[in-house]
There are 2 protein chains.
Amino acid sequence: MGVTITLEVLEQFTKIVGDNYILTDNESLAQYGKDETERLLYLPQVVLRPATTEEISAILRICNDQKIPVTPRAAGTGLSGGAIPTHGGVVLSIDRLNKIIDIDEKNLQVTTETGVITEVLQDAVKEKGLFYPPDPSSKGSCFIGGNIAENSGGPKAVKYGKVKDYVLNLEVVLPTGEIIWTGANVLKNSTGYNLTQLMVGSEGTLGIVTKAVFKLIPYPKHDMLMLVPFHSLEGASAAVSAIFRAGFTPSCLELTEIDALKITSDFVGNTTVPVDDTIAAHLIIEVDGNDPEALMKDMEGIATALEPFDIGEIFFAEDTTQKEELWKIRRRAAEAVKVVGYTIEEDTVVPRAELPALINGMKELGKKHDFKVVCYGHAGDGNIHVRINKEGFPNSYGHPEMESILTELFKLVVELGGTISGEHGIGLTQKEYLLLKLDPIQLSLMRGIKKVFDPNNILNPGKIFD
Amino acid sequence: MGVTITLEVLEQFTKIVGDNYILTDNESLAQYGKDETERLLYLPQVVLRPATTEEISAILRICNDQKIPVTPRAAGTGLSGGAIPTHGGVVLSIDRLNKIIDIDEKNLQVTTETGVITEVLQDAVKEKGLFYPPDPSSKGSCFIGGNIAENSGGPKAVKYGKVKDYVLNLEVVLPTGEIIWTGANVLKNSTGYNLTQLMVGSEGTLGIVTKAVFKLIPYPKHDMLMLVPFHSLEGASAAVSAIFRAGFTPSCLELTEIDALKITSDFVGNTTVPVDDTIAAHLIIEVDGNDPEALMKDMEGIATALEPFDIGEIFFAEDTTQKEELWKIRRRAAEAVKVVGYTIEEDTVVPRAELPALINGMKELGKKHDFKVVCYGHAGDGNIHVRINKEGFPNSYGHPEMESILTELFKLVVELGGTISGEHGIGLTQKEYLLLKLDPIQLSLMRGIKKVFDPNNILNPGKIFD
């Protein structure tokens, strides 16, 4: 996009990161020019892979002086295009900041660099009997830094919350190159504005998070899982709020509708989980805790709360293998439906009692505009992922007809009291819908905040808003 | 402080709020010129008691035009001087915004005006089987709006979190008079910067919060309470982190040291709770949940985790009366020690395993500078309230010797990885200590944010920072 990086600047970059960690070959530029969002590619001029906070600071000082756009990149698993370098310039990868610095068993905290893979962090703390709950579907490959940028969730969020609920303190390199810690390693903090929470979900536009301190909780000793088939999609979505109203807080409460279920079942070669033609949707319900008897009572209580609904036979996962099989069908839904042509994963979220209205509305929209639609997701939070399939349209971004469909969908979401992203962020692809939810005053405050942090607009420019 | 409010402006205010809700008599000005912090009094020119968001908006438009300082006031129970009108001008009381608008049992949410008393809100949702946990000691008189401004906690925070963990969406009147909602009534939101979290804990300096939407949780059906006497204060504080490391998350874990205990015990006429001379401190430990048998196991497990410590006989509260008696001694500690001359409640917070170092450090400081010190508070969070008693010094604010003692205390807190306020805020009295914890870059970001929201610096000027 017309950015010029002089040879002199490239030499400075090389001095900072070393010869092996500055990439300018076409293959690398292409690799770092996209993420998991859509079939979009924007080439940067150069990719830098610094190893330390100080290197990142040095790079940002230069880019701020020279007004060179910098797109921070974690694992590139994002679904809103946040890591796509639309303005060219530098892609700054945090993949080498991959050390878990300290698991503090005395204080139930972990300090980690942000290029660590989420599941690697989860496994490391689990070995000490500790739990870091946020678990996006991509947890096997995504980075902690990306999770912070998008305020990621996942199935466990319904009981345990999102990234924002675990972050205590962040080391951040500001776009001007200055390094700050945003908070303190404490559980309660009323010491000035909450810069920690402001960074979470700011999608790499306010600073590059290089270290994070998270609180941890004791790992629950037991969990139980059941799968409930519903004969109507509306029934399944209505049942979600009935479970909470009955006084239960499942550790996961996921919905998958039949179309997604069948596609994924074929895709993973499922033989364990019953999928028959009378079913319209499944709920996967998990409870966890330390006392198996109490969990059994919860399972019975939830089953009782579901009696008024038109359900099939409840399937209780008996052992780890069955549990894994069941989770596989939920976790791999996104991948499976993508393979068969569903291309856009939207991230709608509504108050949970509005789920039936949302799901009915999106199905009607599909009929009206002649597209296929599947949905699945974190029904317990009211956060449903919608995927659209319309022949000839591999992308929605930049496509007027798809955009008008999505505009209708998001208007419905907002009418129902919801918003257009629950956990994926706005990034590139959702930003033109932002004013369906935010008003110009909110947007003007956000722009003002951006300017305070990034006066030259060098850091992830063109994301969230222009 | 030299602010002139013209007769014409007073007439405009009168038109907005009506004759009965504009106060200029000396008695009212004195009443609204102080809060619960210290013996400080700053008179405003006028007190306004608007009834609606729109009235507040109209008032702020005028004040912004005329550059008249506005100090927002909830119930005036704050402990850092946030509601004291140091710059004169207008005190804007939200006490007439006292309606609970909607308890949404389908979505487990409540929408309320912010002049509602915290306990009134808690009782109203409890009637529907729902739980709003944040419970500052002043819950019987403080307002939801003040709790949002300070990001209040309380005993339940150790398991259930603070105000920030329940806020979904806020209606805010900006200093310029514009009205926004900060978020959406949903459990997950990654739609632009988190203005909701930025407002929480901003101490009335960024906007006046007029309505709040909180998530609620099912009210736990049972709780059990025990009191554990320790023969050393260090043992009591060390035991706190042992309980969590053993895998338990109590719903309250409070510490009261013997001096505070004796004073409070006398003050409330306690006969139930054993207080003998061999005791150095008590821990109050509560667990809650839906299954009494599971709770009993937790109590036994916690007792086992405490065996290595030098403790007296554990006292299990048998019934509601005993529980209330026990809580009374904890909850009224602040009031009791204030009556006998302890004047300053500090709000230190450290990683919980550092509690012994903090408590030892503050006792040593007391010896060194010849002052009495008591401590009590939310040990489970590492959040300990410290009160100092030094003859002849009723206040710390503006008193060089007391300030030098507090500087030493806060330096220790920061060295231990903690911060100077866990739940009371910085307000007026703590602001000169802010740079012990924050660096100038953080402060400059905060000032920049303040300027975005409040370009004329009319709203609660001189609070948090100058």
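Residues numbered from 1 in each chain as written. Chains lettered and ligands numbered in written order. Predicted model: local features only at pLDDT ≥ 70, side-chain atom pairs only at ≥ 80, totals over all residues. Heavy atoms only, no water.

(A) A look at the pairing of strand β18 (residues 383-389) of chain A. Residue and element names in this part refer to chain A. Most of β18 is tucked away, with seven of its seven residues classed as buried. Bridge count between strand β16 (residues 344-349) and β18: six bridges; the pairing is antiparallel. Bridged to Thr348 within β18 is Ile384. Summarising the sheet, strand β17 (residues 372-378) and β18 pair through seven bridges and their orientation is antiparallel. Following the sheet pairing, Val374 is matched in β18 by Arg387. From the end of β17 to the start of β18, which pair antiparallel, there are four residues, and Gly382 there has a positive phi angle of about 75°. (Buried < 20%, exposed > 50% of the residue type's maximum accessible area, 1.4 Å probe, protein only. Helix = DSSP H or I, 4+ residues; strand = E, 2+ residues; numbered from the N terminus. Pairing = 2+ DSSP bridges.)

(B) Here's a closer look at the interface of chain A and chain B. Contacts between the two partners involve 86 residues from chain A, matched on the other side by 86 residues from chain B. When chain A packs against chain B, the two sides together hide about 6400 Å² of surface, and 60% of this comes from carbon and sulfur. Three residues, Lys188, Ser190 and Tyr193 of chain A, lead the burial of chain A against chain B; their summed loss comes to 15% of the area buried on that side. Between chain A and chain B we count six salt bridges in total. In this structure, Glu423 of chain B and Lys188 of chain A form a salt bridge, with 2.7 Å as the shortest nitrogen-oxygen distance. Where chain A meets chain B, there are 34 residue pairs in polar contact (both at pLDDT 80 or more). Taken together, the elements giving at least two residues each to the side of chain A that touches chain B come down to β9 (179-181), α7 (195-199), α8 (233-245), α10 (292-306), α15 (434-437) and α16 (440-453) of chain A. Ranked by residue count, the leading element in the side of chain A that touches chain B is α16 of chain A, at nine residues. When its residues are assigned to classes, the side of chain A that touches chain B shows 33 nonpolar, 33 polar and 20 charged. (Contact = heavy atoms within 4.5 Å. Buried area = accessible area lost by both parts, 1.4 Å probe. Salt bridge = Lys/Arg side-chain N within 4 Å of Asp/Glu carboxyl O. Polar contact = N/O pair within 3.5 Å; in protein donor to acceptor, adjacent residues only side chain to side chain. Nonpolar A, V, L, I, M, F, W, Y, C, P; charged D, E, K, R; others polar.)

(C) Quick look at the state of the cysteines. Summed over all chains, the structure comprises zero disulfides over all chains. No disulfide involves Cys142 of chain A; its nearest neighbouring cysteine sulfur is the one of Cys252 of chain A, lying 16 Å away. (Disulfide = S-S within 2.5 Å.)

(D) Molecular detail of the nonpolar core. Among the nonpolar cores identified, the biggest contains 178 residues, and Phe214 and Phe453 of chain A together with Phe214 and Phe453 of chain B are the most heavily contacted of them. When sequence neighbours within four positions are dropped, the list of residues in contact with Phe453 of chain B reads Leu445 and Ile449 of chain A together with Leu174, Pro175, Leu195, Leu198, Met199 and Leu206 of chain B. Ranked by size, the runner-up nonpolar core spans 26 residues in total, among them Val17, Val46, Val90 and Ile458 of chain A. (Core = buried A, V, L, I, M, F, W, Y, C linked by side-chain atoms within 4.5 Å.)

(E) Fine view of the sheet that holds β18 of chain A. All names here are of chain A. Read from one edge of the open sheet, seven strands run β15-β12-β14-β13-β17-β18-β16, paired in antiparallel fashion. Of all the strands in the sheet, just β15 (315-316) and β16 have a single pairing partner and so form its edges. Against the sheet, helix α14 (residues 400-415) touches β16 and β18, its axis set at about 20° to β16. (Axes fitted to C-alpha atoms, helices over the stretch in contact; angles between N-to-C directions.)

(F) How the structure looks around the side chain of Lys188 of chain B. Relative to the elements of secondary structure, Lys188 of chain B occurs in the loop between β9 (179-181) and α7 (195-199). For Lys188 of chain B, a relative accessible area of 1% gives the class buried. One polar contact links Lys188 of chain B to Asp381 of chain A, side chain to side chain, over a distance of 3.3 Å. If we ignore the near neighbours within four places in the chain, the residues touching Lys188 of chain B are Gly153, Gly154, Ala157, Lys162, Val349, His378, Asp381, Asn383, Thr419, Ser421, Gly422 and Glu423 of chain A.

(G) Highlighting the relation of the copies chain A and chain B. When chain A is fitted to chain B, the residual RMSD is 0.0 Å, and the transformation amounts to a turn of 180° plus an axial shift of 0.0 Å. Such a combination of rotation and displacement between the chain copies is what one expects of a two-fold axis. Looking at chain A, 100% of its interface residues are interface residues in chain B too, so the copies touch through the same face. (Least-squares fit on C-alpha atoms with pLDDT ≥ 70 in both.)

It is worth stressing that arrangement in space is one thing and function is another; only the former is reported here.
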